[in-house]
Structures are given as C-alpha cells and as structure tokens.
Amino acid sequence: MGATQHRQPAGPDHLFGEYLAGRHAQETRDFTVAAGRFENAIAADPDAPELISRTFLMEVCVGHFDRARALAQKELKLDPGDAIAELVLVVDRLKAGDTAGALKHAALLPSDGVHRFIGPFALAWTREAAGDLAGADSALQASIKFNGFQSLQVFQLGLLYDYAGKPDKAEQYFDKALAGTSSSIGG
C-alpha cells in the first residue's frame, strides 16, 4: 500500500466524515472515540458551534478536562447557561488558586432543574476553598428547603466541617444525616 492511502484527507469531506464518525460513536456511547473524532473535526473548523458543543461535552465525559477547559469559554458564548462549562471553570479557577474567579463562576450556575441542588453544593465547596466556612454553611443551609434531599445536604455540611478541621461539628451533622436516613428506611 502506498503512503497516500493512509493519509487523512483534508478539507470539508474530512471534516464532515470526522463529525459523522463522532456522532455515531456518541450514539453508541463510545465517548472516547467520539471525543477523538470531534477533536479531529474541530481542528479543521475551530469556530463551528456544533463542534464546540459536542467536543466540549465529550471531553468532559472522558475526563479530558484540560481540553474541555480550553473550550469552556467558547461553549459559554454559545450557551451562557451551560452549567457544565461553569463547573469546569470553577474547578479550573480553584486549581489555579483564583478563589475569587471560582466564586464568580459558582455564582453563575443555574438554579433550575437539577442545578438547584448542584449549584448550592458547588458554591458551598468553592466558599470552603476560599476559607469562608460560614458562607459555605449558608449556601448549603439555604438549599435544605428542598424535600427529599435534607439528609444529603446535612451530610454535605458534615463533610464541610470535617474538611475544615472541626470534627465535633462534623459529627453532629453526620449523626443528624444518619438519623434522617435510618428513619426514612424504616429503622
């Protein structure tokens, strides 16, 4: 076989082929292959909205957070309410030691649907990372009003206090979480 038979074609046909292969891999839940195919496609057309969104999502799904971080701002320009992109930026800012930037992104998380639980948790842990235990506590206390999630939220309070080096306060929350769990199980 000649070298030209193994060479990747360039141009729109290559882009379209990589995109379709990525879509197929995504549909069959082979996210690693999908991410690779979308990476190839986005390299040919880095500003295509569909490619930005799909590549970003697949990079997050397979744990390529450095690659996802590089696309997060573009994704937020396309969808300012993208909670996953905001979470990627929260973590990125925390890893960089920029707690103010992390808090900014945590505050931008949506508050509807599943995000009404994820948002307060992310904000609480970001405040904890910033050294604001009282603010972390407040963020979680405000979220406890949702039915059915009190034990999880109380458990998170226990984790916050344990992480902050306050084992007695943590134990109070852990005991409260366990008491709520055992009574709901029928114990």
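Computed from a prediction, not measured in an experiment: that's the story for all the values here. (Residues numbered from 1 in each chain as written. Predicted model: local features only at pLDDT ≥ 70, side-chain atom pairs only at ≥ 80, totals over all residues. Heavy atoms only, no water.)

**A short note on the pattern of salt bridges**
As a reminder, the rule being used: By salt bridge we mean one thing: a side-chain nitrogen of Lys or Arg within 4 Å of a carboxyl oxygen of Asp or Glu. Secondary structure elements are defined from DSSP: runs of H or I of at least 4 residues count as helices, runs of E of at least 2 residues count as strands, and each element is numbered from the N terminus. Note on classification: 1.4 Å probe, protein chains only; a residue is buried when its accessible area is under 20% of the maximum for its type, exposed when over 50%, partly exposed between these limits.
For the coordinates displayed, the defined rule picks out eight salt bridges. Residue Glu18 is joined to Arg37 by a salt bridge in which the shortest nitrogen-to-oxygen separation is 3.2 Å. With Glu18 in helix α1 (residues 12–27) and Arg37 in helix α2 (residues 31–44), the pair connects residues that are 19 residues apart, well separated along the chain. With relative accessibility at 4%, the residue Glu18 sits in the buried group.

**Observations concerning the layout of surface pockets**
Here is the rule: Grid points spaced at 1 Å over the protein atoms alone were grouped into cavities, where a 1.4 Å probe fits but cannot get out, and pockets, open sets with protein on both sides within 12 Å along at least five of seven lines, with lining residues defined by an atom within 4 Å of a point. Grid points are joined across faces, edges and corners, and a volume is the space filled by probe spheres set on the points. Classification convention: Asp, Glu, Lys, Arg as charged; Ala, Val, Leu, Ile, Met, Phe, Trp, Tyr, Cys, Pro as nonpolar; all other residues, Gly among them, as polar.
Estimates place the volume of the second largest pocket at around 160 Å³. The wall of the second largest pocket is formed by Phe65, Asp66, Arg69, Leu87, Val88, Val91, Asp92 and Lys95. For the lining of the second largest pocket, the secondary-structure elements that each account for two or more residues are α4 (65–78) and α5 (83–95). The element contributing the most residues to the lining of the second largest pocket is α5, with five residues. Across the lining of the second largest pocket, the residue classes break down as four nonpolar, no polar and four charged.

**Section: the packing of helix α3 (residues 49–61) against α5**
Quick reminder of the rule: Fitted lines through C-alpha atoms give the axes, limited to the stretch in contact for helices. The angle between two N-to-C directions lies from 0 to 180 degrees. Each angle receives one of four descriptions, namely roughly parallel if under 35 degrees, roughly antiparallel if over 145, roughly perpendicular if within 65 to 115, and oblique otherwise. Left-handed describes a crossing whose near helix is turned anticlockwise from the far helix through less than a right angle; right-handed describes the clockwise counterpart. A contact between two residues is defined here by any heavy atoms of the two lying within 4.5 Å.
Packing of α3 against α5 brings their axes to within 11 Å, and their N-to-C directions diverge by 55°. By the criterion of interaxial angle, the relationship of α3 to α5 is oblique. In this structure, α3 crosses over α5, and the sense of that crossing is left-handed. Within the contact between the two elements, α3 uses Phe56, Leu57 and Val60 and α5 uses Ile84, Ala85 and Val88. A class-by-class count of the residues in the contact of α3 with α5 yields six nonpolar, no polar and no charged.

**Some remarks on unusual backbone geometry**
Trans is the common state for peptide bonds, and a negative phi is the common state for residues other than glycine. We note that Arg29 has phi near 65°; this positive angle belongs to a residue other than glycine. Relative to the assigned elements, Arg29 resides in the loop between α1 and α2. Exposure remark for Arg29: the relative accessible area of 65% places this residue in the exposed category.

**Some details on the nonpolar core**
Worth spelling out the cut-off: The set of buried Ala, Val, Leu, Ile, Met, Phe, Trp, Tyr and Cys residues whose side-chain atoms join them within 4.5 Å is what this entry labels a nonpolar core.
If you look at the biggest cluster of nonpolar residues, it comprises 20 residues, and the most contacted ones within it are Phe38, Leu51, Phe56 and Ala72. Secondary structure elements with two or more residues in this core: α1, α2, α3, α4 and α5. When near neighbours in sequence (up to four residues on either side) are disregarded, Ala72 contacts Phe56, Ala85, Val88 and Leu89. Membership of the second largest hydrophobic core comes to 17 residues, among which are Leu123, Ala124, Leu133 and Leu157.

**Observations concerning a nonpolar patch on the surface**
Stated formally: Patch membership requires more than 30% relative accessible area and the absence of a salt bridge. Residues of like charge join within 9 Å; the nonpolar side chains Val, Leu, Ile, Met, Phe, Trp and Tyr join within 5 Å. Under the convention used here, a 1.4 Å probe and the Shrake-Rupley method define accessible areas, while residue burial counts only the protein chains that appear.
Taken together, the side chains of Phe149, Leu152 and Phe155 make up a nonpolar region of the molecular surface, amounting to roughly 240 Å² of accessible area. As for its placement among the helices and strands, Leu152 is situated in helix α9 (residues 150–163).

**Quick word on the packing of aromatic side chains**
Put simply, the rule reads: We call Phe, Tyr and Trp rings a pair once their centres come within 6.5 Å, taking the six-membered ring for Trp, and we label the pair stacked below 30 degrees between planes, edge-to-face above 60, and tilted otherwise. Note on criteria: charge over ring means Lys NZ or Arg CZ within 6 Å of the ring centre, with the direction from the centre no more than 35 degrees off the ring normal.
Summed over all chains, the structure comprises four aromatic pairs. Ring centres of Trp125 and Tyr163 lie 5.9 Å apart, and the angle between their planes is 75°; on these two criteria the pair is classed as edge-to-face. Taken together, the residues span a long stretch of sequence, with Trp125 in helix α7 (residues 115–129) and Tyr163 in helix α9 at a distance of 38 residues. With a relative accessible area of 28%, Trp125 lands in the partly exposed category. On the accessibility criterion, Tyr163 (62% relative accessible area) is exposed. When the centroid spacing of 5.7 Å and the interplanar angle of 20° are considered together, the rings of Tyr161 and Tyr173 count as stacked. On the criterion of sequence distance, the pair formed by Tyr161 in helix α9 and Tyr173 in helix α10 (residues 167–185) is long-range, its members being 12 residues apart. Judged by its relative accessible area of 9%, Tyr161 is buried. Taking relative accessible area as the criterion, Tyr173 reaches 11% and is therefore assigned buried. Geometry around Tyr161 places Lys169 over its ring, the cationic atom sitting 5.7 Å from the centre.

Spatial relationships are all this shows, so hold off on functional conclusions.
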